[in-house]
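One letter stands for each residue in the lines below.
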Amino acid sequence: GSYDVWVGDSDGYVHRVRTVITSAGSKATITTNFSGFGDKVTVDVPSAAQTFDGSGTAIPGLGG
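This structure is a prediction, so every number in the text was calculated from the model and none was measured.

K.L.:
Would you take a moment to explain the environment of Gly1 for this structure?
P.N.:
As for its position among the elements, Gly1 is in the segment before strand E1 (2–7). Taking the C-alpha atoms as reference points, Gly1 and Ile21, separated by 20 residues in sequence, lie 4.7 Å from one another.

Spelled out as structure tokens, the structure:
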């Protein structure tokens, strides 16, 4: 796959990442935009029953 990364001139932060994944003859493009740098956030932590440990899970096309 390939990655395109947009970095802000004035702040040096990553503002966008575009990933192109090709696997088994199929192609997918994923674009992620980042904003609100430095904003305060509130996070509600889910219970253990609502989570999944994906650390041993491979994602096709991304290795692992």
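Moving on from the coordinates now.
K.L.:
So what exactly am I meant to see when it comes to the pairing of E1 here?
P.N.:
In the case of a regular strand, side chains alternate between the two sheet surfaces. Here E1 runs beside strand E2 (residues 14–23); their pairing, made up of six bridges, is antiparallel. Pairing of Trp6 across the sheet is with Arg16, part of E2. Hairpin connection of E1 to E2: six residues between the antiparallel strands, including Gly12 at a positive phi of 75 degrees.

Rules used throughout
- Residues numbered from 1 in each chain as written.
- Predicted model: local features only at pLDDT ≥ 70, side-chain atom pairs only at ≥ 80, totals over all residues.
- Heavy atoms only, no water.
- Helix = DSSP H or I, 4+ residues; strand = E, 2+ residues; numbered from the N terminus.
- Pairing = 2+ DSSP bridges.

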